[in-house]
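# Observations on the three-dimensional arrangement
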Amino acid sequence: MYTVEITLKNNPIALSVQRKEQETAETLYREIATAIADGNTKVLELTCEKLEGKKVSVLVSEISAVQVSEKSGTSANLGAGFVRG
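Remember, predicted model here, so these are calculated numbers, not experimental data.

## As for the environment of threonine 47
With respect to the helices and strands, threonine 47 occurs in strand β3 (residues 43-47). On the basis of relative accessibility, which here comes to 35%, the residue threonine 47 falls in the partly exposed class. Residues threonine 47 and arginine 19 lie 28 residues apart in sequence; the distance between their C-alpha atoms is 9.2 Å. In this structure, threonine 47 is in contact with Val17, Arg19, Lys54 and Lys55, ignoring residues within four places of it in sequence.

Given below as structure tokens:
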């Protein structure tokens, strides 16, 4: 299982959705990163493959970071590269 995690400006809580395959996680990552780079002000709706019915809509201009990581059994639910306080 792969997690795509989004950090929003002025918000300490990260949003995440899961993908079963690495390829689909990487595709979603690139889609979000491209939207950020283009300076889009559109709303991006994300769905989760792990929890059916989990959806989140995000204003692209409010995204400050995006990452993709593989779920590991030893993780304490902390995203790589992100510090939670």
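## What about helix α1 (residues 22-38)?
Relative to the 24 Å expected for 17 residues at 1.5 Å per residue, α1 spans 24 Å between its end C-alpha atoms, a close match to the ideal helical length. Looking only at α1, the buried set comprises Ala25, Leu28, Ile32 and Ala35. In an axial view of α1, the angular spread of the buried residues amounts to 95 degrees, which keeps them on one side of the axis. Across from the buried face of α1, at angles greater than 90 degrees, the exposed residues are Glu23, Ala37 and Asp38. Those residues of α1 hidden inside the fold are in contact with β1 (2-8), β2 (15-19), β3 and β5 (63-70). Just downstream of α1 lies glycine 39, where phi reads positive at about 70 degrees.

## What to know about the confidence of the model for the protein chain
Of all residues in the protein chain, 84% attain a pLDDT of 70 or more, and the chain-wide mean is 85. This model gives residues 80-85 a pLDDT under 50, and the stretch forms 11 contacts once residues within four places in sequence are excluded.

## Some words on the pairing of β1
Of all the seven residues making up β1, seven are buried; the element is thus mostly covered by neighbouring parts of the structure. Alternating positions in β1 separate into two faces, Tyr2, Val4, Ile6 and Leu8 on one and Thr3, Glu5 and Thr7 on the other, with burial throughout. The pairing of β1 with β2 spans five bridges and is antiparallel. Note on β2: the bridge partner recorded for isoleucine 6 is leucine 15. Hairpin remark: β1 followed by β2, antiparallel, with six residues in the connecting loop; positive phi at asparagine 10, about 55 degrees. Summarising the sheet, β1 and β5 pair through seven bridges and their orientation is antiparallel. Bridge pairing in β5 links tyrosine 2 to glutamate 70.

Conventions and cut-offs
Residues numbered from 1 in each chain as written. Predicted model: local features only at pLDDT ≥ 70, side-chain atom pairs only at ≥ 80, totals over all residues. Heavy atoms only, no water. Helix = DSSP H or I, 4+ residues; strand = E, 2+ residues; numbered from the N terminus. Buried < 20%, exposed > 50% of the residue type's maximum accessible area, 1.4 Å probe, protein only. Contact = heavy atoms within 4.5 Å. Expected span 1.5 Å × (residues − 1). Arc of directions from axis to C-beta. pLDDT = per-residue confidence, 0-100. Pairing = 2+ DSSP bridges.

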